[in-house]
Amino acid sequence: MTVPNSEKKVVSERLYDNYAQSFTVSDLLFEVKTEHQHLEIFETPFLGRVMLLDGVVQTTEKDEFIYHEMMVHVPLFAHPNPNRVLIIGGGDGGILREVLRHQNVEHVTQVEIDGSVIDMCKKYFPKHSNGAYDDPRATIVIADGKDFMASCTDMFDVIISDSTDPIGPGEVLFTSDFYADEKKCLNPGGMMVAQNGVPFMQGDEVTNTYQRLSKLYQDASFYVAPVPTYTGGFMTLAWASDDALLRQQDTATIEARIQQAGFETRYYNADIHVASFALPNYIRKLMQ
Ligand code: SAM
């Protein structure tokens, strides 16, 4: 559907009752109600292509680099030698792309509930996965991450949960049962990270996740990144491991690993890595 310039269409995201973000749409490229969710992909003059799931912004071409770099390089450079990685969700392929840039990653499994998201993002957001789905190190599983984790016997060094919000199919990925199953599949010295919402808008997500992870791990916390289209200021990314030192490494240590890895990033760097764990008081207060 091409919208004539004279009648530019505006789409509003309805994640919150009393607050919305809107953007001009130049074209609706694809829309389907999959078995799991409502998938829409728009062309927009300001953000490039935008994907919504159940009316919630999942990713945009313009700002995806911030989120995907921070979800991946903070744990993968904090871990001294991340060989085996698990991704839950991440259907647009951005997380997988960034994980595979680490040559010391020998194997990554991605568990995505909705194959349509992978297929349509390969087609409409080719730069997100950028060929990652064809990497021999990658194994793609189409399944509910909750079911996969409950029966998983594999072990991983880093687990990254890049799910939708805790409404709809993503809800099960924010439960104590899921976190407990996840921990059973973490190697010693490993860590989990997870998309955990925008605390200025969804503060209870920080409180709930902190309470649940604190019961399972020696060290549960968050780190932050400002993703413009996850509107409301800092997005929190949940972090948990059994060694608090893993998130207290200094810039020099991280910088040495970045140099060793030998690839460029657009947002992430060693200073940002260290600083991202510094939480504003309004977020600290939610961690009770
Ligand atoms: N970066 C986005 C955010 O912060 O909201 C998430 C992007 S990614 C597209 C979210 C993915 O989680 C989608 O592909 C969705 O299909 C997947 N997902 C939702 N619930 C899931 C579940 N229970 N198991 C596996 N994948 C799930």
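Quantities reported herein were computed from a predicted structural model and do not represent experimental measurements.

Caption draft 1: Quick peek at the side chain of T229. Turning to its location among the elements, T229 is positioned in the loop between β12 (219-225) and β13 (235-241). Reaching out from T229, the side chain makes a polar contact with the side chain of D63 at a distance of 2.6 Å. Here T229 is in contact with Q21, L47, V57, T60 and D63, once residues within four sequence places are set aside.

Caption draft 2: Focus on the site of the ligand. Lining the immediate environment of the ligand, one finds 27 residues, of which Q37, E112, G145, P169 and Y230 sit closest. In this structure, a nitrogen atom belonging to the ligand sits 3.5 Å away from a side-chain N or O atom of Y67. One nitrogen or oxygen atom from the main chain of G170 is found 3.3 Å from a nitrogen atom belonging to the ligand. Contact with the protein chains covers 100% of the free accessible surface of the ligand, which is 590 Å². Of all the elements in the fold, those that place two or more residues in the shell around the ligand are β5 (48-53) and β8 (107-112).

Caption draft 3: Geometry of the pattern of salt bridges. Here the structure, examined in full by the defined rule, presents ten salt bridges. Notably, a salt bridge pairs R49 with E43, separated by 2.8 Å at the nearest N-O pair. The class of R49 is partly exposed, set by a relative accessible area of 22%. Overall, E43 belongs to the partly exposed group, its relative accessible area being 23%. For D242, the salt bridge identified is with K183, shortest N-O distance 2.7 Å. Here the residue D242 occupies a position in the loop between β13 and α8 (251-261), and K183 occupies one in helix α6 (residues 176-184), the gap between them amounting to 59 residues.

Caption draft 4: Examining the sheet that holds β13 more closely. If you walk across this open sheet you meet the seven strands as β9-β8-β7-β10-β11-β13-β12, and the pairing is mixed. At either margin of the open sheet sits one strand with a lone partner, and together these are β9 (138-142) and β12. Across the sheet, the mean angle separating the axes of adjacent strands is 15° when strand polarity is ignored. Looking at chain direction, strand β7 (residues 84-89) and β8 are connected through five bridges and run parallel. Opposite I87, over in β8, you have Q110 as the bridge partner. Relative to strand β10 (residues 156-162), helix α1 (residues 64-78) is tilted by about 160°, and along the sheet it contacts β7, β10, β11 (186-195), β12 and β13.

Caption draft 5: Here's a closer look at the nonpolar core. Core analysis: the largest hydrophobic core is formed by 51 residues, its most contacted members being V85, V99, I160 and W239. No other element matches α1, which puts ten residues into this core. A domain split of this core shows at least three residues from each of domain 1 (5-59) and domain 2 (64-286). By size, the runner-up hydrophobic cluster in this structure holds 27 residues, among which are I88, V206, F222 and V224.

Caption draft 6: Just α6, in detail. Among the residues making up α6, those that are buried are F178, Y179, D181 and E182. For α6, the buried positions fall inside an angular range of 165° around the axis, keeping them on one side. Residues D177 and K184 are exposed on α6 and point more than 90 degrees away from its buried face. For α6, the secondary structure elements touched by its buried residues are β7, α5 (145-151), β10, β11 and α7 (199-214).

Caption draft 7: Main features of the domain arrangement of the protein. If you check the domain split of the protein, you get domain 1 (5-59) and domain 2 (64-286). In this complex, domain 1 contributes 22 residues to the contact, which on the side of domain 2 involves 24 residues. Buried area between domain 1 and domain 2, both sides added, is near 2000 Å², and the carbon and sulfur share of it is 65%. Of all residues in domain 1, Y16, H36 and T59 bury the most surface against domain 2, accounting for 27% of the area lost on that side. Across the domain 1-domain 2 interface, the total number found is zero salt bridges. At the boundary of domain 1 and domain 2, one finds eight residue pairs in polar contact (both at pLDDT 80 or more). The set of elements that each furnish at least two residues to the side of domain 1 that touches domain 2 consists of β3 (27-33), β4 (38-44), β5 and β6 (56-60). For the side of domain 1 that touches domain 2, the residue count by class is 13 nonpolar, six polar and three charged.

Cut-offs used in this document
- Residues numbered from 1 in each chain as written.
- Predicted model: local features only at pLDDT ≥ 70, side-chain atom pairs only at ≥ 80, totals over all residues.
- Heavy atoms only, no water.
- Helix = DSSP H or I, 4+ residues; strand = E, 2+ residues; numbered from the N terminus.
- Polar contact = N/O pair within 3.5 Å; in protein donor to acceptor, adjacent residues only side chain to side chain.
- Contact = heavy atoms within 4.5 Å.
- Near = heavy atom within 4 Å.
- Areas by Shrake-Rupley, 256 points an atom, 1.4 Å probe, with all protein chains shown as cover.
- Salt bridge = Lys/Arg side-chain N within 4 Å of Asp/Glu carboxyl O.
- Buried < 20%, exposed > 50% of the residue type's maximum accessible area, 1.4 Å probe, protein only.
- Pairing = 2+ DSSP bridges.
- Axes fitted to C-alpha atoms, helices over the stretch in contact; angles between N-to-C directions.
- Core = buried A, V, L, I, M, F, W, Y, C linked by side-chain atoms within 4.5 Å.
- Domains from an automatic or database assignment.
- Arc of directions from axis to C-beta.
- Buried area = accessible area lost by both parts, 1.4 Å probe.
- Nonpolar A, V, L, I, M, F, W, Y, C, P; charged D, E, K, R; others polar.

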